Amino acid sequence: MMKKQEITLRYFEVEDIRDLPDDEQELVKAAREMTKKAYAPYSSFHVGAAILLKNGEIVRGSNQENGAYPSGLCAERVAAFAASSMFPRVAMTKIAVSANSPEFRLESPVSPCGACRQVLLEYEASQQLPMKMLLSKEDGKIIIVEKIRDMLPFSFIGSKLKK
Ligand code: THU
């Protein structure tokens with residue numbers, strides 16, 4: 001007998017940054033601001049990320065590219081690795097990501113790549129709190145996902161490697 005199963009993704013949308021609580025407005029603004037610091041001469045796709053930590057700190061990152069393409073890193077991982085380096089084992093409670101390009105207009109909010117989801121998931125799994133994600137572009141709609149786990153169904157978790 002084959003049983004049909006289903007996974008549902010619940011997420012929220014606001015039409016404008018002003019529809020968010022103050023701390024999330026600040027975080028989205030920080031991510032939007034960080035797109036200006038991207039080093040993205042190859043893609044012209046400028047991404048910014050801002051992570052709110054349990055201790056109130058906001059750690060920021062932007063995408064960093066390289067002529068040897070795979071050597072570059074997405075904004076989300078730049079921010080998450082910086083946060084974990086500077087504040088090891090302090091929970092990351094919210095992450096805002098935004099993108100824009102000087103060369104083309106984005107149609108919809110940026111959404112993190114699989115590798116970034118995997119990295120964020122491990123940090124989330126190691127803390128007691130969910131990491132809320134706020135996805136946007138330079139203006140307009142913001143997509144909100146309550147936890148990283150929702151973004152990566154059937155995920156592989158590194159802690160399973162332990163005996
Ligand atoms: N990029 C990010 O920084 N974050 C994302 O969520 C999507 C992609 C970067 C990687 C690369 O520098 C450029 O955007 C184009 O893929």
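As shown above, the structure is provided for reference.
Per chain, the residues get numbers from 1 upward, laid out in the order the sequence is written. Side-chain atom pairs in this predicted model are given and counted only at pLDDT of 80 or more, local residue features only at pLDDT of at least 70, and totals for whole chains, interfaces and linings cover all residues. Remark: hydrogens and water are excluded; side-chain values derive from all non-hydrogen atoms of the structure.

(A) Representation of the pattern of salt bridges. Salt bridge criterion: a side-chain nitrogen from Lys or Arg within 4 Å of a carboxyl oxygen from Asp or Glu. Applying the stated criterion across every chain, the model contains 12 salt bridges. Among the salt bridges present, the one from Arg-10 reaches Glu-146, with a minimum N-O distance of 2.9 Å. Note that Arg-10 is positioned in the segment before β1 (11-14) and Glu-146 in the segment after β6 (142-145), a separation of 136 residues in sequence. When a residue's accessible area, from a 1.4 Å probe over protein chains only, is under 20% of the maximum for its type it is buried; when over 50% it is exposed; and in between it is partly exposed. By relative accessible area, which is 52% here, Arg-10 ends up exposed. In this structure Glu-146 comes out as partly exposed when scored by relative accessible area, which is 28%. Its salt-bridge partner being Lys-137, residue Asp-139 comes within 3.0 Å of it at the nearest N-O pair. Runs of E in the DSSP output that reach at least two residues are strands. Runs of H or I that reach at least four are helices, and both are numbered from the N terminus.

(B) Geometry of the site of the ligand. Ser-43, Phe-45, Val-47, Asn-63, Glu-65, Cys-74, Ala-75, Glu-76, Val-110, Ser-111 and Pro-112 make up every residue found near the ligand. Contact distances for the ligand include 2.9 Å between an oxygen atom and a side-chain N or O atom of Asn-63. Contacts to the ligand include Glu-76, whose side-chain N or O atom sits 2.6 Å from an oxygen atom. For the accessible areas, the method is Shrake-Rupley and the probe is 1.4 Å, while residue cover comes only from the protein chains on display. In the complex, the protein chains occlude 77% of the 370 Å² of accessible area that the ligand would expose alone. All residues other than Ala, Val, Leu, Ile, Met, Phe, Trp, Tyr, Cys, Pro, Asp, Glu, Lys and Arg, Gly among them, are scored as polar; the first ten of these are nonpolar and the last four charged. Looking at the shell around the ligand residue by residue, the class counts come to six nonpolar, three polar and two charged. Any residue with a heavy atom positioned within 4 Å of a molecule or strand is treated as near that molecule or strand. Polar contact is defined as a pair of N or O atoms within 3.5 Å, subject to the rule that within protein one atom must be able to donate a hydrogen and the other to accept it, and that residues adjacent in sequence are counted only when both atoms are side-chain atoms.

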